[in-house]
Structures are given as structure tokens and as C-alpha cells.
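So the chains spell out like this:
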Amino acid sequence: MGTNITIPQKKTRADIEADSVYGTFTLALASQAKQEKGEIIRVTDASDHPDGLTGTVYFEYLGTTNGDERDYEITFKKIDSAKKNILYAEDRGLIADGITDDTAKIQEMFNEISNSLQFDTVIFPEKTYKINGKLTINSNVKVIGYNTKFITSNIITVFESTAADVKIFGITQNSTVRSEFFRQKADFNKIEIAYCEQNLPENEQANYLFIGDEGLNGKELVIYSNETNNVTPVFFDNNIEGKKLDILRVGANISKNCPRYFCRVLGVNTDTPYVGNAYIRDNEVSNINGNIVDASAVVARFFQTGVIGTIHLTGNTVNGAKTGTNGNFLYLAGGSLICNDNIVSGIQSISSSSIIQDKKLREDGETWNIFNNTFDFSEVLTANTPKSIIQVLNRDGAFVENNTFKGLKCYAVDVAQTVLDDPTPQNITISRNKIMDIDYPIVFNLQQQLKNVSISGNEVFKIDNTAGININGTSDCRLVSMYNTFNQEKGQENIDISDNKIYECSKSVYFATMYINAAAPTAIKDKVIISGNKFLDMTTPFNKTYVRFIGTLQNNMTNVKIVNNMSAVAATETVGTEPADLEKINNM
């Protein structure tokens, strides 16, 4: 008969049909529903199916209440207990008391799979096994546990694999020593680890759920719906040219106090792409380095990688990272980026680093899309604050839109050409973001050679500079700082600062400052328009000016227009020496 089950994650039908991890999870659900030893044979829309189908489990989205609202069905065929391709641990004489060593008998099952074409699956019941030695996997296998516990108090590696296809589900590892749950030592087709749990000791920097040897090619790595404590879920570095992991999927994991990284997958060095495409979704991570006693020299990164294709970084929640050096939500060495609907808070860092850090010169066609995220740094002290939340270097195409920034003590966005004669950052859009409060003199920083930059429709609800930080000769606040120090005949061209709003400021404030350093006499600023911006603060003690010109090279600034800006109280159009052809029209 049919049984109703509620799945805790929301999935689409296409996800379920394509995702073998979800399929295997329903096998565990079938066991809970007293349908023992069933094998999934199809996934279908259940809306037209009656109740009472033998060997069927219905499941619904979180929040639905009864069988009338079921969304899908999983149909099982019954498996004879003597079917030849499955080995059942409960039939193999294991003691399973959590005290007696069961390593040898478990290894016998893996050896039997390696030595025979009959078997491909090992199923463990809801029992506790003592493991005192490494379990070696040399052929393709599925390992399925039903809330199965492994106690591994004196070994480093639990599973060591040279197989091409391995799936491990439903195993909990508890240990009091540093440990690796799964180590891959050879090229592979697909590795899946899902619905596992790992509880390892504090103050260890080398606890891993998955770790790959150097110099491997892989088709697909899937790490899904696991729970870890004091563990780095994925650590996979490659130090041989020409190797590649085609697809990386890391989703719906819950990780507490992971040391150094939640996920690190890199190429030959830290700035080399290795992954084809990466999908990092719906993970919940708290307190990176939380149980490292001295994290002053230990990096704290949610995701560090380089990709050849695109990273999809979606729906993750990261709360807290302790470090005295580089702390990052994303440290990206190449690739396109889609980063949306993440909640990032409490990451400590240093003043030369950024929460989303761009570490490689762009390749043609690589673009960034960062939207609908929340960055909350209200609880981070000034001494532990980064240079910026989002850093965009040398990109051709970056869109930072509809994000919310809270409690900032640094730039919200820093766009810069890093080295003289590097590619020009261009086609950059920063729009419709909300800066709830910032205690720093600059919101958006534009530095060196840039082209086609639009900063529009952003709202700053409160800006201050309580520490009196002086940047480019002033501690006054500004929405946008435009600054050149590289002596190159190009500069900043086609810059549009329009329709932005500032609601409250506790210092003198500008919508833009424009500065060409005396060390860069050939640099230019051309086609800059500041239009439709509004000061909505009704308080009067602080000066409000639309644009401040700094320095003496204003003759290098051409086609600058200040038009249709307004202020709720009296404001000044400009401060400083104006460019010769400056246009000022209809400012109020």
C-alpha cells in the first residue's frame, strides 16, 4: 500500500528524475515505511494515481499536509533476499555492538564485490560497527546505510577507493582522532556521498569528508545532504597539468566548525582553474574555524576554486568565520559566476582581502552575476574587517544587483584594474542594491582604468565615518570614489552615476569624488554623468555636495555632466576646481 512521506528539501520533478542521490534516499524512506528491500523502478507524477499501489511511496513538498496534495510517487519492485547483486551486512556474521572490531568482515564484503561480477551493493542495517582499519574499495559499489554508525577511534582513513563509480549513503562516522571519511586515489567517473554524518575532534585542520589525491581526472563529484562537525566536507587539490574535474555538485549540507574551508577544489596552484562547472547550493555553514584554538594564521573560506565554465553559488547560508588572515565567502581563480540568494554574515578577514575575491585575469566570455544576496557584517569588528565585500578585477561583464549590505566597515564593491596594462574592467553594472548602514567613507570604489560602468538605483540608508578614515585627501563620505594613479593615456570612460539615494549621513557627503593623482598626468576621465541622484536627509549640519573634484588635473576630465540631482535641504553642486567643459544643469 502507499505511504505518505514528507521530504525536507524542496525539489522539482526534473531534479528527482535526474538525481540518483534523491532516488536512493527514497529507498531509505521505503525502509522506514516497512517496505523492506525495495528497488526503485520509476519516478512519476502521482496526481492521477489512486491510493493502495503496492510497493509505492508518495512524497510531498515540505509544508504539504496529506495524501491529497502529494506531488510524486516512487514505485518499488520487491527484491528477493537472495538476489545476487546485494550483500546484506546483517547476513554476514558481523557483531555490530560498537565494541568488537568488524573491520575484517566488512572488508570481506568489498573484496567479494571486487572478485565477482555478481555483487554491486552493500546494505547496512541500523546498527553500530567498530572499525579499526581502512576499508579498501577497488571496484564500483553502492554502500547504503540505514542510520548506520561507524566508530573509528584509531584510524585516519575510513574508505579508500580506486574505483570509478562509488556511492555511499546513510553512514555516520564518530571518531576521537583526525580522520578522512573517503579518499579517492584514482581517476573516477562519479563519486556520490549523501545523507552521511561525521563527528570529529576539535582543533584539527585536516578532517575531511571527501579528499582526493593529487593528479586525478574526474567526471562528477556529488556531496549532498550530509551533516559534519569539525570537518572540511570537500578538499581536492590537483598539482598536475591537464587534469580536470568536469562537474562538482555540493548541496544541502549542514556543516559546523569546519576547519579552513567548507569546499576547496583547485588546480596546479591556487590561481589555476580545475573544475568544469560547479553547483554549490543550499548549504548551511556556521563558524568556519570555530573550534581552531589559534586561527590567527589560518585562512577561513567557504569556497575556493577555479573553474573553466561557470560556478552556480545559490541559496547558501554562511554564518561566522574566525581568522587573522584571509576570510572569504568565495575565492575564485577564473571562471564565470552566478551568485544569488545567499546569506553571508560574520566573516572575519584582513584589509587586503575581499569576501568575494577575484583572483585571476579574465578570459574571454567570463561574466559575473551577483544578485539577491544579503551580506551582514554588523557583528564583525573594525579590526577584523576586509577591504571590500565584492571585488571585481579586470572583468568584462559584471552585474551586482539587488543585494542587501548591512553593518559595513569597508567598500561594498571595489572595481579595479590591479596592474598597469592589465585588461580594463569594463561593462560593469552596480544597481538597485540596498546599503542599510555603512561606517566607512566610500560605498563604491572605482580605481584605475575602467570603461562602461553604471552605478544606478542604489539606496544608502545610513553612511558614517566615525573613525575619521582619510582616503584621497578627505574623510568626508561619498557614494562613489573615482581615482587614478596609473600613468596611462587611458583612464575612466563612460561612467554613469544615476538615480541613487542617500537617506542619512553623519558627515559631509558627496555622490562622487573625482581624482587624478599628480603621479598620473596622462590619465583621463571622459564621459562621466552624475544625474538624478537624491539626498533625502533633512538634517542640515553636514554639507551635501553632488561632486567633489580633488587635485589639480581637472583638465584631464572631459565631458563631465552634473544634471537633475536634488536634495531635501540646500546642497552645493561642486567643490574643488571644476573641469573646463563641465556641464551643470537643473540641480536643486
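Residues numbered from 1 in each chain as written. Predicted model: local features only at pLDDT ≥ 70, side-chain atom pairs only at ≥ 80, totals over all residues. Heavy atoms only, no water.

Turning our attention to the overall build of the protein. Across its full length, the protein holds three helices and 55 strands. Across the protein, every contact between residues at least 6 apart in sequence was considered, and the portion connecting residues at least 24 apart equals 75%. For the protein, the computed accessible surface area is about 22,500 Å², with 47% contributed by carbon and sulfur atoms. (Helix = DSSP H or I, 4+ residues; strand = E, 2+ residues; numbered from the N terminus. Contact = heavy atoms within 4.5 Å. Areas by Shrake-Rupley, 256 points an atom, 1.4 Å probe, with all protein chains shown as cover.)

In this structure the tally under the stated criterion is one cavity of 30 Å³ or more. Its boundaries defined by the atoms lining it, the largest cavity holds a volume of some 40 Å³. Contributing to the lining of the largest cavity are Pro201, Glu202, Asn203, Glu204, Asn230, Asn257, Pro259, Asn291 and Ile292. Of the residues belonging to the lining of the largest cavity, the class tally is three nonpolar, four polar and two charged. (1 Å grid on protein atoms, 1.4 Å probe; cavity = no way out; pocket = protein on both sides within 12 Å on 5 of 7 lines; lining within 4 Å. Points joined across faces, edges and corners; volume = space filled by probe spheres on them. Nonpolar A, V, L, I, M, F, W, Y, C, P; charged D, E, K, R; others polar.)

Next up on the list: the packing of aromatic side chains. For the coordinates displayed, the defined rule picks out 21 aromatic pairs. Ring geometry for phenylalanine 159 versus phenylalanine 181: centroids 5.4 Å apart, planes at 75°, classification edge-to-face. Note that phenylalanine 159 is positioned in strand β11 (residues 157-161) and phenylalanine 181 in strand β13 (residues 180-184), a separation of 22 residues in sequence. Neither phenylalanine 159 nor phenylalanine 181 differs from the other in exposure class; each is buried. Note on phenylalanine 182 and phenylalanine 210: the rings are 6.0 Å apart at their centroids and 15° apart in plane angle, and the pair reads as stacked. One end of the pair, phenylalanine 182, is in strand β13; the other, phenylalanine 210, is in strand β16 (residues 208-212), with 28 residues separating them in the sequence. Residue phenylalanine 182 is classed as buried on the basis of its relative accessible area, which comes to 0%. Through pairs of rings, three or more aromatic residues link up here, namely Phe110, Phe124, Tyr129, Phe150, Phe159 and Phe181. (Phe/Tyr/Trp six-rings, centres within 6.5 Å; stacked < 30°, edge-to-face > 60°. Buried < 20%, exposed > 50% of the residue type's maximum accessible area, 1.4 Å probe, protein only.)

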